[in-house]
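Commentary on secondary and tertiary structure
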Amino acid sequence: HIVTVSVQRLRSARLDARLRIAYFIGMRRLWWVGVSLLAVLGCNREGKARRELEAQGLTDIVLTKSGSSFTFTAKNATGQHCAGDVTIHGGSSLVSQVCSDVCTHEESAKCFAMGLAAASSDPKKSTQYYVTGCEAGHAPSCTNAGVAYGKGLGVTPDDAASFLYDKKACDGGDMQGCVNLAIDYEEGSGTAKDLPSAYRVAEQACSKDLMAGCSASGRMLVFGHGVTADATQGLERLTRACAKDETVACANMGMLLVEGKRGVTPDVPRGKTLLENACAKDNAEACSNLGLFYVQKRLGPIDDAKMTAALTKACDKGNGAGCNTLGYATENGLGGSAPDLSKAVGLYQKACDIGHALACRNAGLFYASGRGTTKDLDKAATAFDAGCKLGDAESCTKRKALPVH
């Protein structure tokens, strides 16, 4: 009996264990079913979210689960980068997103437009966009980067950097960059002065029908700067550019036709008209020359009102030659008013500050003599020094003659 009882108990225990094993296996299956169901639901939500974004034209979608919703990054049809949230609730979905342009070396297509958009509000950021676009090979971005460094727009002015960006722009096929590069070579700004190269890149721009290039190469042909002088070819380019409303070309043509030098047949009436039109369009150089020609009586008797108006406009626009000529007219009582020496010395000083060498000499003479102002040999020395540095040999001579050190 003892053995039988023991056997029965063991069988009972074995049966219970089997029942427990079956129970645990059942629970595990239920758990896996639940997990699988949640996974399926999650995948369905993610798939629906992705389809919703694709329906809105988004690509390169990256979804990240965030609670019952998803955050995402993507690109829209215009290449903007977008970020936002997608909420799936039942059969409905809600998408919120913000899209913006991105300027990187890898995605440089928007850099130029972003630079233009930021130019007035954030010059520093604008220049950064241009630099990024230029480094990625976008030539117009190089042109604007060159201008930014030349003028110090959001960066420290750097003529050498400006020259390098101008050269990249021109080498990359942007003709405005070539015109800017011609100016660099002609003025020796950021590089050695090189007139043949200045003419070459200006002519390159002209050959691509950029009238600013024709204006520059035409002037250089007439004056023989960097190329054998050829008034006929020079006037042809200037005429073509002026006909396309390139005001600088019209101003230069007007000056050449009134002067009648360098192989150009004079035509004063036509030259006067060109200068008047260019001055009316706010070309300061045209206004300055128009006023000077009135003072010199090359346009007939002095027209006081027109002379004064032209010179004043030129001076107000920062043209040193215009201020100097207006100073001369004021000193000598031209323009219908009595001589005003005090006003004249102020105009000479303004022209000198702008960088007009002859005006520095004129201001120095007034300070040295005390005409129209208090005699001040220190100021005279400063003015003569400035004129000397700007290339006026007579200013150098006057400075050495002053009894000051």
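The sections below set out a description of the structure shown in this document. (Residues numbered from 1 in each chain as written. Predicted model: local features only at pLDDT ≥ 70, side-chain atom pairs only at ≥ 80, totals over all residues. Heavy atoms only, no water.)

1. Details of the layout of surface pockets
Reported here for the largest pocket is a volume of approximately 310 Å³. Along its surface, the largest pocket is lined by 14 residues, and Ile 183, Glu 186, Ala 216, Arg 219 and Val 248 are the ones closest to its centre. Looking at the lining of the largest pocket, the elements with two or more residues in it are helix 6 (175-187) and helix 8 (211-223). With seven residues, the single largest contributor to the lining of the largest pocket is helix 6. (1 Å grid on protein atoms, 1.4 Å probe; cavity = no way out; pocket = protein on both sides within 12 Å on 5 of 7 lines; lining within 4 Å. Points joined across faces, edges and corners; volume = space filled by probe spheres on them. Helix = DSSP H or I, 4+ residues; strand = E, 2+ residues; numbered from the N terminus.)

2. A closer look at the environment of Arg 240
As for its position among the elements, Arg 240 is in helix 9 (residues 231-243). Arg 240 gets classed as partly exposed once you look at its relative accessible area, which sits at 29%. Between the alpha carbons of Arg 240 and Cys 214 there is a distance of 7.6 Å; along the sequence they are 26 residues apart. Sequence-distant contacts of Arg 240, that is, excluding residues within four places in its chain, are made with Cys 206, Asp 209, Met 211 and Cys 214. (Buried < 20%, exposed > 50% of the residue type's maximum accessible area, 1.4 Å probe, protein only. Contact = heavy atoms within 4.5 Å.)

3. What to know about the side chain of Ser 69
Assignment of secondary structure puts Ser 69 in strand 2 (residues 69-75). Judged by relative accessible area, which is 14%, Ser 69 ranks as buried. A polar atom in the side chain of Ser 69 sits 3.0 Å from the side chain of Thr 87. If sequence neighbours within four positions are ignored, Ser 69 has contacts with Thr 64, Val 86 and Thr 87. (Polar contact = N/O pair within 3.5 Å; in protein donor to acceptor, adjacent residues only side chain to side chain.)

4. A few points about the packing of aromatic side chains
A complete count under the given rule lists four aromatic pairs for this structure. A ring pair is formed by Phe 112 and Tyr 130, whose centres lie 6.1 Å apart and whose planes are at 50 degrees; its orientation type is tilted. Residue Phe 112 is found in helix 2 (residues 111-118), and its partner Tyr 130 is found in helix 3 (residues 123-135); the two are separated by 18 residues along the sequence. What makes Tyr 130 buried here is its relative accessible area of 6%. Between Tyr 348 and Phe 366 the ring centres are 5.6 Å apart and the planes differ by 55 degrees, which places this aromatic pair in the tilted class. Within this pair, whereas Tyr 348 is found in helix 15 (residues 341-354), its partner Phe 366 is found in helix 16 (residues 357-369), the two being separated by 18 residues in sequence. Residue Tyr 348 shares its accessibility class with Phe 366, and that shared class is buried. A cation over a ring is seen here: Arg 371 above Phe 366, with NZ or CZ 4.8 Å from the ring centre. (Phe/Tyr/Trp six-rings, centres within 6.5 Å; stacked < 30°, edge-to-face > 60°. Lys NZ or Arg CZ within 6 Å of the ring centre and 35° of its normal.)

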